[in-house]
Amino acid sequence: MFRAVARRQTRTMITSNIVVYAEHGEPKDVLRTHTYQIDETKLGGSEVVVKTLGAPINPSDINQIQGVYPSKPPMTKDYGTDVPVAPCGNEGLFEVIHTGANTELKVGDWVVPANVNFGTWRTHAKDDESKFQKINNPTQSKAAGKPHGLTINQAATISVNPPTALLMLTHYVKLEPGKDWFIQNGGNSAVGQYASQIGKILGFNSISVVRDRPNLAELKKELEEVKGATHVITDEQNNSRDFTGTVKQWTKESGGQIKLGLNCVGGKSSAAVARKLAPNGLMLTYGGMSMQPVTIPTSLHIFKNITSAGFWVTELLKNDRALKQKTLNQIVEWYEQGKLIDAPSNHIKFSEGDDLAKLYIDGVADKSGKQMVVY
């Protein structure tokens, strides 16, 4: 007689690749791929395992690696490295693939990091569900009767630029729809294009300032007819005192005022934006592409009571999870309704066996547009 022999099957745990650095420096010099194992059968009650769907490369990610960004991930040995390392990436999209016994999240849910410094440049992660915030995946949007489901590009880039635009437009100054205005430099930047679109959705008039260029007419048409800007003007027009009369005519026709300025350039461009603000207006600075200081004439402070303040979406949302969820929900709804157009990314495909760090190093070096690694 033959006796059946039970064969023990060797279970393979999930292998995660994560991009880390042990010291600050240029990405090409300090980034490396670390591989570690995740045991999905040993989860705490509120833990989940997620796989990455897409993670973009943002300027803040590069600045963190260089060590010059105010917010930095802590160095840790939690990934099983021989020396403390920091994970890379602040923005990204994950899909839940395993859950603990007591999670609200379900397998198949789409989630984004609840906070910065999570480390999104990886293939998989295991963490408590509190470290994530849920957004509708395409199946859930369809089940809810929405016309559109989010794309990976929309969802993976939803945590930085769209909230920056929405919160700057709504969190500080009350603009009256149909009447009031905001003015912004960097009008064709990612945040600038979200701001003009959201402004149009909310009924706010806008003036977008852009650099002069050979295809200016084409750019103005896109920003005004597709991206929602009320008017697009050049830096030269923005800096010209002779153009002030035209701007005053625009605001007179709407019966409103320019109550808000958005500045991501600095230098004389920021001064020209501030000059166009109505009395008691506010200028928010969220970037400094010119590498020049924000300069505002003393007379604007004294005689028009202009306020100049900084805006950093990370700091605003750091301890306000409810505000972040509310903001994300609104952006998701606009995507689902087809009202919002996302900024395009160049997708770099990760395949099994690729050196993940090299993909991101190549993406950092590619200046042809926003880069995203998709999985």
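Remember, it's a predicted structure, so these values are computed and weren't measured experimentally. (Residues numbered from 1 in each chain as written. Predicted model: local features only at pLDDT ≥ 70, side-chain atom pairs only at ≥ 80, totals over all residues. Heavy atoms only, no water.)

### Examining the side chain of Q371
Relative to the assigned elements, Q371 resides in strand 16 (residues 371–374). Looking at Q371, its side chain comes within polar contact range of the main-chain oxygen of G369, at 2.8 Å. In this structure, Q371 is in contact with P56, I57, N346, I348, G363 and D366, ignoring residues within four places of it in sequence. (Helix = DSSP H or I, 4+ residues; strand = E, 2+ residues; numbered from the N terminus. Polar contact = N/O pair within 3.5 Å; in protein donor to acceptor, adjacent residues only side chain to side chain. Contact = heavy atoms within 4.5 Å.)

### Details of the pairing of strand 1 (residues 14–21)
Sheet faces and side chains relate simply in a regular strand, where the side chains alternate between the two faces. By the criterion of burial, strand 1 is predominantly enclosed, with seven of the eight residues buried. For strand 1 and strand 2 (residues 32–38), the ladder comprises seven bridges, and the chain directions are antiparallel. By the bridge assignment, V20 is partnered in strand 2 with R32. Of the pairings in the sheet, the one linking strand 1 to strand 4 (residues 86–87) comprises two bridges and is antiparallel in character. (Buried < 20%, exposed > 50% of the residue type's maximum accessible area, 1.4 Å probe, protein only. Pairing = 2+ DSSP bridges.)

### What to know about the UniProt feature "domain: Enoyl reductase (ER)" (unreviewed entry) in the protein chain
This chain's UniProt record puts "domain: Enoyl reductase (ER)" (unreviewed entry) on residues 29–361. Measuring from the first to the last C-alpha atom of residues 29–361 gives 9 Å, for a span that is 34% helix and 21% strand. (UniProt positions renumbered as here; feature names shortened; annotations may be inferred.)

### Brief notes about the pattern of salt bridges
For the structure on display, the rule yields seven salt bridges. As a salt-bridge pair, K179 and E176 come within 4.0 Å of each other at their nearest N and O atoms. Of the residues examined, E176 reaches a relative accessible area of 39% and is grouped as partly exposed. Residue E222 pairs with K227 through a salt bridge whose shortest N-O separation is 3.4 Å. E222 sits in the partly exposed class, given a relative accessible area of 35%. By relative accessible area, which is 7% here, K227 ends up buried. (Salt bridge = Lys/Arg side-chain N within 4 Å of Asp/Glu carboxyl O.)

### What about the packing of helix 5 (residues 161–170) against helix 6 (residues 190–202)?
It is the contact of helix 5 with helix 6, at a shortest axis distance of 8 Å, that shows an interaxial angle of 50°. It follows that helix 5 is oblique to helix 6 by the angle criterion. Crossing handedness for the pair helix 5 and helix 6: right-handed. Facing N161, P162, T164, A165, L166, M168, L169 and T170 of helix 5, the residues of helix 6 in contact are A190, V191, Y194, A195, I198, G199 and L202. (Axes fitted to C-alpha atoms, helices over the stretch in contact; angles between N-to-C directions. Parallel < 35°, antiparallel > 145°, perpendicular 65-115°, else oblique. Left-handed = near helix turned anticlockwise from the far one by under 90°.)

### Details of the sheet that holds strand 9 (residues 181–184)
The strand order across the open sheet built from six strands is 11-10-9-12-13-14, with neighbouring strands paired in parallel fashion. With partners counted over all chains shown, the strands left at the sheet margins are strand 11 (231–234) and strand 14 (307–310), one partner each. On average, each strand axis in the sheet is tilted by 20° relative to the strand beside it, whichever way the strands run. Of the strand pairs in this sheet, strand 13 (residues 282–285) and strand 14 are connected by four bridges, and their pairing is parallel. For T285, the partnering residue across the bridge sits in strand 14 and is G310. Contacting strand 9, strand 12 (258–263) and strand 13, helix 10 (residues 267–275) runs over the sheet at an angle of about 155° to strand 13.

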